[in-house]
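Here is how the chains run, residue by residue.
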Amino acid sequence: MTDQLTGAQILCRVLQEQGVEYLFGYPGGAIMPFYHALPEYPSLRHILVRHEQAAAHAADGYGRATGRPGVCVATSGPGATNLVTGIATAHMDSAPVVAITGQVSRGMIGRDAFQETDILGITLPITKHSCLVQDVSELADRLREAFAIATEGRPGPVLVDIPKDVQNQKGSWSESRSSGAPTATPRVEIINDFTSAAALVAAAQRPLLMVGHGVILADAYAEVKALAVKTGMPVITTLLGISAFPEGHELHLGMPGMHGEVHVNRAIQHADLIVGIGLRFDDRVTGNTSGFAPRARIVHLDLDPAEIGKNVPVAVGLVGDAKSLTSRLIEAVAARDCLTWRAEIERYRRDRNEAYRGDLSPESILRGIEEVTGGSATIVSDVGQHQMWVAKLYPYRQPNSHITSGGLGTMGFAVPAAMGVKLARPGTPVWAVSGDGGFQMNMQEIATMVQEKIPVKMAIFNNGYLGMVRQWQQFFHGRRYSATPIWSPDYVRLAEAYGIAGYRVETSRQTEEAIARANADPGPAVVEFMIEQEANVYPMIPPGGSLSEPIEAEPAPAG
Amino acid sequence: MAHVLSVLLDQDLLTLNRAMGVIRRRNLRVDSLAVGASAVPGAATLTLVVSADAGSIDRLVRQLRKMSGTRRVAAFRSDEGVVRELALLRVRSPAGRHAEVTEVVSLFGGSVVEEGEDELLVQVAGSNAFVLSFIRALEPFGIADLVRSGAVALERGGVAAFL
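Report on the accompanying structure. Please read all numbers here as calculations on a predicted model, not as lab measurements.

Cut-off values and rules
- Residues numbered from 1 in each chain as written.
- Chains lettered and ligands numbered in written order.
- Predicted model: local features only at pLDDT ≥ 70, side-chain atom pairs only at ≥ 80, totals over all residues.
- Helix = DSSP H or I, 4+ residues; strand = E, 2+ residues; numbered from the N terminus.
- Contact = placed C-beta atoms within 7 Å.
- Rg over C-alpha atoms; globule rule 2.2 N^0.38 Å.
- Buried ≥ 20, exposed ≤ 12 C-beta atoms within 10 Å, placed from the backbone.
- Nonpolar A, V, L, I, M, F, W, Y, C, P; charged D, E, K, R; others polar.
- Pairing = 2+ DSSP bridges.
- Axes fitted to C-alpha atoms, helices over the stretch in contact; angles between N-to-C directions.
- Parallel < 35°, antiparallel > 145°, perpendicular 65-115°, else oblique.
- Left-handed = near helix turned anticlockwise from the far one by under 90°.
- Right-handed = clockwise from strand over helix to strand, strands pointing away.

Before going further, it helps to spend a moment on the overall build of chain B. Looking only at helices and strands, one finds four helices and nine strands in chain B. Along the chain direction, N to C, the helices and strands of chain B fall in the order β-α-β-β-α-β-β-α-β-β-α-β-β. In chain B, of all internal contacts separated by at least 6 residues, the share reaching a separation of at least 24 is 72%.

Structure follows, in structure tokens:
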């Protein structure tokens, strides 16, 4: 049966058909027909953000928490360009997002019309796919394609640009044909050599398992754990792989790379085999690739064939999703243990250098959140020093309970992304942890949380500096703290102005009570932690350095 | 080493734009670029000659393959295929010298497309080196204008590199 509907109504129908619950958006001229139709479809709940960047981050957060595309909506011109940072963030971290932008009417395109911008051209390198809808007759198919492409294979953001007159154009609507989802990627026949991979695992004296975001995307927790247990291989989790393997498990080593623990990086440097699952050997993981894991052969399991051998040479590459590949590898490998090797790694362990002075340590704050929430929280972190503390010190036991901007390193991500995560997980406490710099980049979203009743809990690690940049200045730029001291408003009074609970914690004695009160509050809440101003994240591999050369304490002042 | 990339794409500007973005982002040296219709309806062939090492070419091919809109990608060394381009030249030729110019053109298997009063429009097809020698041979007469199509290519024996 076919109905005559406007493009805007067809858009809403497809969103419903795709199971969309939430749209994060902001209206404007070129998207007004859509906003006119929206109230006719009450199952689509619109969240009015205070800046389109936040809409993209919130959609990204929702996408990462559910595995289904998060949807953001913006008007043409500045509305669309404000999405760009959020789309790039989702692209770098393979998050499923569908961005819908209004465009000026077809007849006006190319004439520098009011609020016209070539958003397709601007976002080409940061989208998995994109299109400009030329006619209402193709609208439904383009949208269905967008949803399919955003999630199939390696997920990513897809942008659909819809001219205003196409939103108003009448077209016929029919329910989705079950003709199978369109595919973005040409099917490539791949012959995976599990036998060679298993032989390398059997022959290795010092094998390691390194797991990344692909394990979370493919829901391969059980398989990865079973592989680790069957082979005794110690497990390293990359920044986006955190919570892909339970912290505290006897085989879990920790995070590698620039701020990885010394024993983790040493294990990599001594390993003779690395089995990498769903990671891309990013430069923050490898340091200088010429010095990375010099003794190791690499078996790389990844969904994206373009990742095999992109950054490090690979002995065996296996292409497919982490869940099925890991299951096949479990069958192929012989059971073994790695007791001697694990004992050797234990000897690499060092006590963590005290990273703070004063009694309010990052460790005690994070322990407070863990204790108050009974370990059930999802932690959404921002970018900088606190991000490394949150990655290294919080004991993640629930799969996919750590969400952060890894690849792009987008400050201002945590607060808006946490809105999407909270809507996806209404029964779970969601804590957005930011520094005082990143928090101020998107703190306008408190208003969104209040208006839309999204009870995100916000922790601010306030040290009065852009701490990670300050740390680099201290280590590598002769302590010249150029443009890193940063003033903050009174966050407790800011919370009060928004009508939400706000707490300031200055000593560790106050930590637990403030966290407990914020966590129990039915609405959003802010807790500001006044931490040591010049605390550093240790250890640190200097940028471009080898994993063998960590900085473990403040270097002596130069000259 | 010069490599030829032959990319079969959906025939629309956005897909071409996306493919060029994938290539440009890798900061490789592109010596030649040509786009034209293919044997497949709705698809165009993008032919590139790229100077890069085999590893960079391999990574580029894999990035192109995963792009939506890409139908197939073949890559081969330029000496493993037949690589040809077309050149059109407007050669100065005062009336009395038409025969001289025409003789040079015939020597290269080219042809005179149009005759003007004091110039000739000529064309030739061949490998990059062949076209260059043709141009050099006509330089003494004076070249008023010159366009080259960019190379198109087919792999010898073919098929193997296609996925």
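Next comes the rest of the description.
Moving on to the overall build of chain A. A count of helical and extended segments in chain A gives 23 helices and 20 strands. The C-alpha atoms of chain A give a radius of gyration of 24 Å, which matches the 24 Å a tight globule of 559 residues would have. Dimensions of chain A along its principal axes, counting C-alpha atoms only, are 70 × 60 × 45 Å. Evaluated residue by residue, chain A yields a buried proportion of 54% over its 559 residues. Here the contacts in chain A between residues at least 6 apart in sequence split such that 77% fall between residues at least 24 apart.

A word on the interface of chain A and chain B. Contacts between the two partners involve 14 residues from chain A and, on the opposite side, 15 residues from chain B. Across the side of chain A that touches chain B, the residue classes break down as ten nonpolar, two polar and two charged.

On to unusual backbone geometry, then. Residue and element names in this part refer to chain A. Residue Y538 is joined to P539 through a cis peptide bond whose omega torsion reads -10°. Its place among the elements puts P539 in the segment after β20 (525-530). We note that Q115 has phi near 55°; this positive angle belongs to a residue other than glycine. Within the element layout of this structure, Q115 appears in the loop between β5 (97-103) and α6 (119-123). Here Q115 falls in the partly exposed class, since 17 other C-beta atoms lie within 10 Å of it. The backbone of A293 sits at a positive phi, close to 40°, despite the residue not being glycine.

Residue and element names in this part refer to chain A. Reading across the sheet, the six strands line up as β11-β10-β9-β12-β13-β14 and stay open at both edges, with parallel pairing between neighbours. Every other strand in the sheet has two partners, leaving β11 (252-254) and β14 (316-319) as the edge strands with one partner each. Ignoring which end each strand starts from, the neighbouring axes of this sheet average 20° apart. Pairing of strand β12 (residues 273-277) with strand β13 (residues 297-302), which is carried by five bridges, proceeds in the parallel orientation. Across the sheet, the residue bridging to L273 is R297, located in β13. Where helix α12 (residues 262-270) meets the sheet, its contacts fall on β9 (207-211), β10 (235-237) and β11, and the angle it forms with β11 comes to roughly 105°.

Along an α-helix, residues three or four apart share an orientation, since each turn contains 3.6 residues. Along helix α18 (residues 414-424) of chain A, eleven of the eleven residues are buried, which leaves the element largely enclosed by surrounding structure. Residues of α18(A) that are buried include every one of A414(A), V415(A), P416(A), A417(A), A418(A), M419(A), G420(A), V421(A), K422(A), L423(A) and A424(A), and no others.

We now examine the packing of helix α11 (residues 221-231) of chain A against helix α14 (residues 322-332) of chain A. Residue and element names in this part refer to chain A. It is at 9 Å that the axes of α11 and α14 come closest, and there the two elements cross at 25°. When the axis of α11 is compared with that of α14, the two are roughly parallel. Crossing of α11 against α14: the hand is left-handed. In contact with E223, V224, A226, L227 and K230 of α11, α14 contributes K323, T326, S327, L329 and I330. Considering only residue class, the contact of α11 with α14 consists of five nonpolar, two polar and three charged.

What follows concerns the pairing of β20(A). On any regular strand, side chains alternate: one points to one face of the sheet, the next to the other face. All names here are of chain A. Of all six residues making up β20, five are buried, and the element is well covered by its neighbours. Bridge count between strand β18 (residues 457-462) and β20: six bridges; the pairing is parallel. Opposite M458, over in β20, you have V526 as the bridge partner. Across five bridges, the pairing between strand β19 (residues 501-505) and β20 is parallel. In the sheet register, V505 faces β20, and the bridge partner there is F529. After leaving β19, the chain enters helix α23 (residues 508-520) and then returns to the sheet as β20, a path that is right-handed.

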